Amino acid sequence: MNTRFIQIIITTIAVVMALVHTYFPEIKIDGITVTLLLVAMLPWLAPLFRSVELPGGLKVEFQDLEAAKKKVEDAGLLKEPAHDEESEHHVYAFQAVAGNDPNLALAGLRIEIESRIRELAKNRGIQSERIPLRKLTHELIRKGALNSEEVAAIEDLLPLLNSAAHGAGVDDRASGWALEFGPRLLDALEDRLGEASIPKLVESWKSRDGAAVAEIGSELSKSLAQAPKAFFQAMKTDPDSFESWLEEVQHHTFTIYESRSELDDDLYMAYYEKLKALMIKSTRSVLNSEFDAEAQRVLQSLESVEVSRIW
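Residues numbered from 1 in each chain as written. Predicted model: local features only at pLDDT ≥ 70, side-chain atom pairs only at ≥ 80, totals over all residues. Heavy atoms only, no water.

**A look at the overall build of the protein chain**
Here's step 1: From N to C terminus, the protein chain includes 14 helices and four strands.
Here's step 2: When each of the 311 residues of the protein chain is scored for burial, the buried share is 43%.
Here's step 3: Within the protein chain, residue pairs in contact and separated by at least 24 positions form 74% of the contacts whose partners lie at least 6 positions apart. (Helix = DSSP H or I, 4+ residues; strand = E, 2+ residues; numbered from the N terminus. Buried < 20%, exposed > 50% of the residue type's maximum accessible area, 1.4 Å probe, protein only. Contact = heavy atoms within 4.5 Å.)

**Some remarks on helix α13 (residues 262-284)**
Here's step 1: The first and last C-alpha atoms of α13 sit 33 Å apart over 23 residues, in line with the 33 Å expected at 1.5 Å per residue.
Here's step 2: Every buried residue of α13 is listed here: Asp265, Tyr272, Leu275, Lys276, Met279, Ile280, Ser282 and Thr283.
Here's step 3: Where the residues of α13 are buried, they touch α9 (213-226), α10 (228-236), α11 (239-247), β3 (255-256), α14 (292-304) and β4 (308-309). (Expected span 1.5 Å × (residues − 1).)

**So, the packing of helix α3 (residues 62-74) against helix α7 (residues 148-165)**
Here's step 1: The contact between α3 and α7 brings their axes to 8 Å, and the two run at 160 degrees. Taken together, the axes of α3 and α7 are roughly antiparallel relative to one another. Seen from above, α3 lies across α7 with left-handed handedness. From α3, Asp64, Leu65, Ala68, Lys71, Val72 and Asp74 reach across to α7, where they touch Glu149, Ala152, Ala153, Asp156, Leu157 and Leu160.
Here's step 2: Partitioning the contact of α3 with α7 into residue classes produces seven nonpolar, no polar and five charged. (Axes fitted to C-alpha atoms, helices over the stretch in contact; angles between N-to-C directions. Parallel < 35°, antiparallel > 145°, perpendicular 65-115°, else oblique. Left-handed = near helix turned anticlockwise from the far one by under 90°. Nonpolar A, V, L, I, M, F, W, Y, C, P; charged D, E, K, R; others polar.)

**Topic: the environment of Ser221**
Here's step 1: Along the chain, the position of Ser221 falls in helix α9.
Here's step 2: Among the residues examined, Ser221 registers a relative accessible area of 0% and is labelled buried.
Here's step 3: Note: C-alpha distance between Ser221 and Lys276 (55 residues apart in sequence) is 8.7 Å.
Here's step 4: Aside from chain neighbours lying at most four places away, what touches Ser221 is Trp245, Val249, His252, Thr253, Leu275 and Met279.

**As for unusual backbone geometry**
For residues other than glycine, phi is negative in most cases, and the peptide bonds are mostly trans.
Here's step 1: One non-glycine residue, Asn288, lies in positive phi territory at about 60 degrees.
Here's step 2: Here Asn288 shows up in the loop between α13 and α14.

**Looking at the nonpolar core**
Here's step 1: By size, the foremost hydrophobic cluster in this structure holds 44 residues, and its most contacted members are Leu106, Ile113, Trp177 and Leu185.
Here's step 2: For this core, the secondary-structure elements that each account for two or more residues are α3, α4 (93-98), α5 (102-123), α6 (133-143), α7 and α8 (174-206).
Here's step 3: Ranked by residue count, the leading element in this core is α8, at nine residues.
Here's step 4: Aside from chain neighbours lying at most four places away, what touches Leu185 is Val72, Leu77, Leu78, Ile113 and Leu157.
Here's step 5: Among the nonpolar cores identified, the runner-up in size contains 34 residues, and Ile256, Val286, Phe291 and Leu302 belong to it. (Core = buried A, V, L, I, M, F, W, Y, C linked by side-chain atoms within 4.5 Å.)

**Focus on the side chain of Thr137**
Here's step 1: Examined against the element boundaries, Thr137 turns out to sit in helix α6.
Here's step 2: Taking the relative accessible area as the measure of exposure, Thr137 reaches 1% and is therefore buried.
Here's step 3: Engagement of the side chain of Thr137 in a polar contact is seen with the backbone oxygen of Arg134, the distance being 2.7 Å.
Here's step 4: Excluding its chain neighbours within four sequence positions, the residues that come into contact with Thr137 are Ile117, Val151 and Glu155. (Polar contact = N/O pair within 3.5 Å; in protein donor to acceptor, adjacent residues only side chain to side chain.)

**As for the packing of aromatic side chains**
Here's step 1: In this structure the tally under the stated criterion is five aromatic pairs.
Here's step 2: Summarising the aromatic geometry, the rings of Phe232 and Phe291 are spaced 6.2 Å apart at their centres and angled 25 degrees between planes, so their arrangement reads as stacked. Here Phe232 is found in helix α10, whereas its partner Phe291 is found in the loop between α13 and α14, with 59 residues between them in sequence.
Here's step 3: Given a relative accessible area of 0%, Phe232 falls into the buried group.
Here's step 4: Site record: aromatic cluster; members linked through ring pairs are Phe231, Phe232, Trp245 and Phe291. (Phe/Tyr/Trp six-rings, centres within 6.5 Å; stacked < 30°, edge-to-face > 60°.)

Function cannot be read off these values alone, since they describe shape.
Structure (structure tokens):
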């Protein structure tokens, strides 16, 4: 497939999406959907990455990536990697398409970082759709979602990723760098998302009615798996909600109330078994911290619950 044909396809898709948005404004497309669409396009952009020549022979050097990584780490915006070889980790979309192509790896990481920042802004009540990313990060400083050191580190990193997305030469080692560094940064940003959304979930839990128990309780359980520190911080400040959520966890999260086909039931059973494993893993990560007492109780409860279904 030649470069010109790829460009025509990309332009056509963009025009179609613009027309759909114009004539059907009620159709909502969230940030995660846009991210997945963009990442899905990355393999088709590979010929463009390799064919574009930037002025001056611009190249992304490995030592520049390492320097940017250190600044992010010094700012405290990297999550510690899991040392347990048997533990499973969430796979981000960019990891699935990167392969051994360093440009794809860095460009995909760039898309996912921007997606999380815009979601973080949305959770803080900032209308983020048309705001440039640089301005958005400074709004997040004002809102207390990121500090100035963290934003400075992100602003040093993004130009390198942008250069890769626009065809700069990239050190071959960048693929491995992105696949090791990227998930740790995205995990940290996911934690920040949890810090904003979990208190709202706890408030919804406090005012729940009978029909909302399963939905809100299950969302809280997923937030524990995603951002354990933020979860336990919110629950520690509201012990009544913690007690009621924990007491009902078997019913609101691990009981399937609607029987479907045999295959669907098996898939749901597997899903909740996986959620339980992730919740246990996340809870263990905060043992021996200020949340140790609460974590011990959650572990004790999770070890006794079983995924069940109502026939």
